Amino acid sequence: MEVDSQEQLQRKQSTYLSLDENFEIQKEVYRGQQYSQIYFARLHMMRTLLYSLVPNWKSHLPVCTVLELEEGKECIIVGTLYKHMKLKPCILDEYSKERSVAPLIKPHNFMHQDDYLVLEDESGRVKLGGTKLSPSVYVTGVVVALHGKETSAGAFFVEDVLEAGLPPQIKRPLKSREDKYVVFVSGLSIGRSSSNPLQFQLLVDHITGHLGDEEEQGLAAEIVHLVIVGNSVEISRGLLNGQNLASKDQSRLSEPFKELDILLTQVFSSHHCDDQHFKIAASLPLDIMPGSSDPANFALPQQPLNRCLFPGSTTYNTFRSCANPHCFELDSIRFLGTSGQNIDDLTKYSEAKDKLDFLERTLRWRHLAPTAPNTLGCYPFTDRDPFLIDSCPDVYFVGNQEKYETCLLKGLEGQLVRLICIPRFCETGVAVVSKSCPGVSSIQIYPSTRVNKGEKEKRNGKEGEVWIDTIEVAFWLHAFLLVPYSVLAYKNKFL
Amino acid sequence: MATTSKNMNVFYRQKKKSTTSTEKKSTKSPSTKHSATFGSDITQPPALVSHGGSLDLKDDFDEQEQALRQFDMNMAYGPCVGITRLDRWERAQRMGLNPPKEIESLLKGGKVKLESLFDGRV
């Protein structure tokens, strides 16, 4: 058999910097504090910021607190919004003496046309009127500046709104022009009865370079990082109902983790097979974030998954268990994202035309999860609000959404952010690959069906005869299984 | 939140009616101080008989405590419930709110209550 000595491809490297210290709660001590502390921290930080922006917006108007409002006096007030929602589930409804027939509550959205907004600061609160501020857009917890005047009814008639806007972005120095890729995948849901383990296996094989010929492996070698954005594991409900588990059920509890660990170990170990096709030397650095179905704490910020869950993978120093939300830098390009709880909560309490709209709003409000702690669980920080976004990321992602969506957001000061909605892999089989170029990262998604037979034959002509069968089998396997399930990104070489 | 007091003595601390308390605030009249009447703001009025034979000369209302209570009540520095006074002072300092330095020296130096006014009562 003619052995074609292909030289080993080196996987491209990137410098990685984790910026998750703000989301760690190991140093926090719970002293029985309530959430008023985190709201105060949020209001203070945002108000200082808004006070600095108000002179550029409307410098002629006085700024006052809610208590200093006078009827008819036009002024600017800054405070936290509170949305009074008629349909918002309240724990006290269970104890209500009048058990009237409850209106049909849509579980996915609690909006009602009678919802109204209230502005609140330390001195007081005032109901907001006027049509400029739409209750369907805003949620509780957003800090804004409002221009208007108090009416005779005691409400504040809003004439204009000032949001904080996109945070300043650090300009990245233009580095080398080589293309590097970052793969995002979320919602693996290993352990769910409907999840197909073959899908993730195929993805892992592809990005570690086990599939395809030299060109495909070359592309896979340009992937520098893999981020698993939450919900990697799903434990069946029957095991979690609080009863004592029989020993056979206990092993069922840990099966999803074992499966996940085996799959993740494959991402690292580059020498576990003698396959001569496989030539990528270095393993792929991996970040895994917890999600709503993972065994991490419920309240945001979710702490990193325990290393004991991944006995095989933690032996590799390129395996990182990260917090949710997660902020990191690769080659000084800033990535920021969550596993989806913040956007899902916004979907329940407000509306927008798509998820990217929600992402954009959170950036404009400079807060990752404005509904925390009102309707989204959150740790009661006393001295800071870690969800405030100080510096604009270059890539802003959210996981566990229904479908893949992306857009490029341009800010007023020249900020450029790539917004990405990562779909659930177990349902859609879609992973997202981001080209990590300095400044702007573009996503090229294209289905593997474009790898048509004509192209393959052209390439196979170069190889020795013995290769044709094996490559063809690999490709057909690849195409057949990937076509209905997976959609991955490539550079334009194949087109 | 659960109270942190370990013994009932703290609740039912017997206070001798102090006759030597001359340094009274001008806002408080001595007659209403030791009784649970409308004007007083103490929760447990002291008993007429002292317990244990010792005189409790220093009560809750000395000037230092009063200054600290004013610091607690000042809404510019945020809510005071659930955070110690020193932590709250340091937080205000970090946020650039310029809390008065005397409070810090009081908290770090003397035998004052480190917990806020509402500690154990809310």
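Residues numbered from 1 in each chain as written. Chains lettered and ligands numbered in written order. Predicted model: local features only at pLDDT ≥ 70, side-chain atom pairs only at ≥ 80, totals over all residues. Heavy atoms only, no water.

A short note on the overall build of chain A
Argument step 1. Across its full length, chain A holds nine helices and 16 strands.
Argument step 2. Going through the 495 residues of chain A one by one, you find that 54% of them count as buried.
Argument step 3. Sequence separation of 24 or more characterises 76% of the internal contacts of chain A that already satisfy a separation of 6 or more.
Argument step 4. Here chain A displays about 22700 Å² of accessible surface, and carbon together with sulfur accounts for 54% of that area. (Helix = DSSP H or I, 4+ residues; strand = E, 2+ residues; numbered from the N terminus. Buried < 20%, exposed > 50% of the residue type's maximum accessible area, 1.4 Å probe, protein only. Contact = heavy atoms within 4.5 Å. Areas by Shrake-Rupley, 256 points an atom, 1.4 Å probe, with all protein chains shown as cover.)

Focus: the domain arrangement of chain A
All names here are of chain A.
Argument step 1. Annotation of chain A at the domain level lists domain 1 (16-24 + 177-237 + 252-447) and domain 2 (58-95 + 106-162).
Argument step 2. When each unit is reduced to the centre of its C-alpha atoms, the spacing between domain 1 and domain 2 is 35 Å.
Argument step 3. Taken together, the contact pairs 12 residues of domain 1 with 16 residues of domain 2.
Argument step 4. For the pair domain 1 and domain 2, the summed buried surface comes to about 1200 Å²; carbon and sulfur atoms form 60% of the total.
Argument step 5. Considering only the side of domain 1, the residues that lose the most area to domain 2 are Lys348, Tyr349 and Trp365, jointly responsible for 47% of the buried surface there. (Domains from an automatic or database assignment. Buried area = accessible area lost by both parts, 1.4 Å probe.)

Digging into the pattern of salt bridges
All names here are of chain A.
Argument step 1. Here the structure, examined in full by the defined rule, presents 28 salt bridges over all chains.
Argument step 2. In this structure, Arg47 and Glu122 form a salt bridge, with 2.8 Å as the shortest nitrogen-oxygen distance. Residue Arg47 is found in helix α1 (residues 36-57), and its partner Glu122 is found in the loop between β3 (116-120) and β4 (125-129); the two are separated by 75 residues along the sequence.
Argument step 3. Among the salt bridges present, the one from Lys149 reaches Glu159, with a minimum N-O distance of 3.2 Å. Of the two residues, Lys149 is situated in strand β5 (residues 143-150) and Glu159 in strand β6 (residues 156-162); the sequence distance between them amounts to 10 residues.
Argument step 4. Exposure remark for Lys149: the relative accessible area of 29% places this residue in the partly exposed category.
Argument step 5. Look at the salt bridges and you will find they share partners, linking Arg192, Glu234, Lys355, Glu402, Arg424 and Glu427 into a network. (Salt bridge = Lys/Arg side-chain N within 4 Å of Asp/Glu carboxyl O.)

A word on the sheet that holds β5 of chain A
Residue and element names in this part refer to chain A.
Argument step 1. Judged by pairing direction, the barrel is mixed, and its five strands sit side by side in the order β2-β3-β4-β6-β5 before closing back on the first. The average undirected angle you get between the axes of adjacent strands in this sheet is 55°.
Argument step 2. Examined bridge by bridge, strand β2 (residues 74-84) and β3 share five bridges and lie antiparallel to one another. Bridge pairing in β3 links Tyr82 to Val118.
Argument step 3. Contacts from α1 reach β2, β5 and β6, with the element oriented near 60° to β5. (Pairing = 2+ DSSP bridges. Axes fitted to C-alpha atoms, helices over the stretch in contact; angles between N-to-C directions.)

A look at the nonpolar core
All names here are of chain A.
Argument step 1. Counting residues in each nonpolar core, the largest one holds 55 residues, and the members touching the most others are Ile77, Leu128, Leu133, Tyr138, Leu146, Phe156 and Tyr396.
Argument step 2. No other element matches the four residues that helix α6 (residues 355-364) contributes to this core.
Argument step 3. Here Phe156 is in contact with Leu69, Cys75, Ile77, Val126, Lys127, Leu128, Gly129, Leu146, His147, Gly148, Lys149 and Glu150, once residues within four sequence places are set aside.
Argument step 4. Of all hydrophobic cores here, the second largest spans 30 residues; its members include Leu188, Ile228, Leu260 and Leu263. (Core = buried A, V, L, I, M, F, W, Y, C linked by side-chain atoms within 4.5 Å.)

Thoughts on the confidence of the model for chain A
Argument step 1. Summing up the model confidence of chain A, the mean pLDDT is 80 and the portion of residues at 70 or higher is 81%.
Argument step 2. Contacts for the low-pLDDT stretch residues 438-495 of chain A, under 50 throughout, to residues beyond four places or in other chains number 108 contacts. (pLDDT = per-residue confidence, 0-100.)

Section: the interface of chain B and chain A
Argument step 1. Every contact between the two is made by 15 residues of chain B and, on the other side, 13 residues of chain A.
Argument step 2. Taken together, the two surfaces of chain B and chain A that pack against each other cover about 1200 Å², and 61% of this comes from carbon and sulfur.
Argument step 3. Across the chain B-chain A interface, the total number found is two salt bridges.
Argument step 4. Two residues, Arg31 of chain A and Asp87 of chain B, come together in a salt bridge whose shortest N-O distance is 3.3 Å.
Argument step 5. Where chain B touches chain A, the interface holds six residue pairs in polar contact (both at pLDDT 80 or more).
Argument step 6. Taken together, the residues that form the side of chain B that touches chain A break down as nine nonpolar, three polar and three charged. (Polar contact = N/O pair within 3.5 Å; in protein donor to acceptor, adjacent residues only side chain to side chain. Nonpolar A, V, L, I, M, F, W, Y, C, P; charged D, E, K, R; others polar.)

Details of the pairing of strand β15 (residues 416-423) of chain A
All names here are of chain A.
Argument step 1. Of all the eight residues making up β15, seven are buried; the element is thus mostly covered by neighbouring parts of the structure.
Argument step 2. Judged from the five bridges that link them, strand β13 (residues 395-401) and β15 form a sheet pairing that is parallel. Looking across to β15, one finds that Tyr396 is bridged to Leu419.
Argument step 3. Sheet analysis places strand β14 (residues 405-410) next to β15, joined by six bridges and oriented antiparallel.

Overview of helix α4 (residues 247-268) of chain A
Residues and elements named next belong to chain A.
Argument step 1. Between its first and last C-alpha atoms α4 spans 32 Å; for 22 residues at 1.5 Å apiece the expected length is 32 Å, and the two agree.
Argument step 2. Of all the bends in α4, the greatest reaches close to 35° and is centred on Ser254; the proline Pro256 follows between one and four positions later.
Argument step 3. Among the structural elements, α2 (197-207), β8 (223-229), β9 (286-289) and β10 (319-321) are those in contact with the buried residues of α4. (Expected span 1.5 Å × (residues − 1). Bend = angle between axes of the 7 residues up to and from the residue.)

Describing the packing of aromatic side chains
Argument step 1. A complete count under the given rule lists 13 aromatic pairs over all chains for this structure.
Argument step 2. Relative to Phe335 of chain A, the ring of Phe328 of chain A has its centre 4.9 Å away and its plane inclined at 5°; by these criteria the two rings are stacked.
Argument step 3. For the ring pair Phe71 of chain B and Tyr77 of chain B, a centre distance of 5.4 Å and an interplane angle of 35° mean the geometry is tilted. Across this residue pair, the class does not change: Phe71 of chain B and Tyr77 of chain B are buried.
Argument step 4. Grouping aromatic residues by their ring pairs yields a cluster made of Tyr16, Phe184, Phe328, Phe335 and Phe397 of chain A.
Argument step 5. Above the face of the Tyr16 of chain A ring, Arg320 of chain A is positioned so that its terminal group lies 3.8 Å from the ring centre. (Phe/Tyr/Trp six-rings, centres within 6.5 Å; stacked < 30°, edge-to-face > 60°. Lys NZ or Arg CZ within 6 Å of the ring centre and 35° of its normal.)

Details of the side chain of Asn231 of chain A
Residue and element names in this part refer to chain A.
Argument step 1. Inspection of the secondary structure assignment puts Asn231 in the loop between β8 and α4.
Argument step 2. Overall, the relative accessible area of 11% leaves Asn231 in the buried class.
Argument step 3. In this structure the side chain of Asn231 is engaged in a polar contact, spanning 2.9 Å, whose partner is the backbone nitrogen of Ser292.
Argument step 4. Residues within four places of Asn231 in sequence aside, it is in contact with Gly187, Leu188, Ser189, Pro290, Gly291, Ser292, Ser293, Asp294 and Asn400.

Focus on unusual backbone geometry
Argument step 1. Following Leu300 of chain A, the chain continues into Pro301 of chain A via a peptide bond in cis, with omega recorded as -15°.
Argument step 2. The phi dihedral of Ser332 of chain A is positive, around 60°, even though this residue is not glycine.
Argument step 3. Ser332 of chain A sits in the partly exposed class, given a relative accessible area of 22%.
Argument step 4. A positive phi angle, close to 50°, is found at Asn98 of chain B, a residue other than glycine.
Argument step 5. Tracing the sequence through the fold places Asn98 of chain B in the loop between α4 (85-94) and α5 (101-109).
Argument step 6. Given a relative accessible area of 61%, Asn98 of chain B falls into the exposed group.

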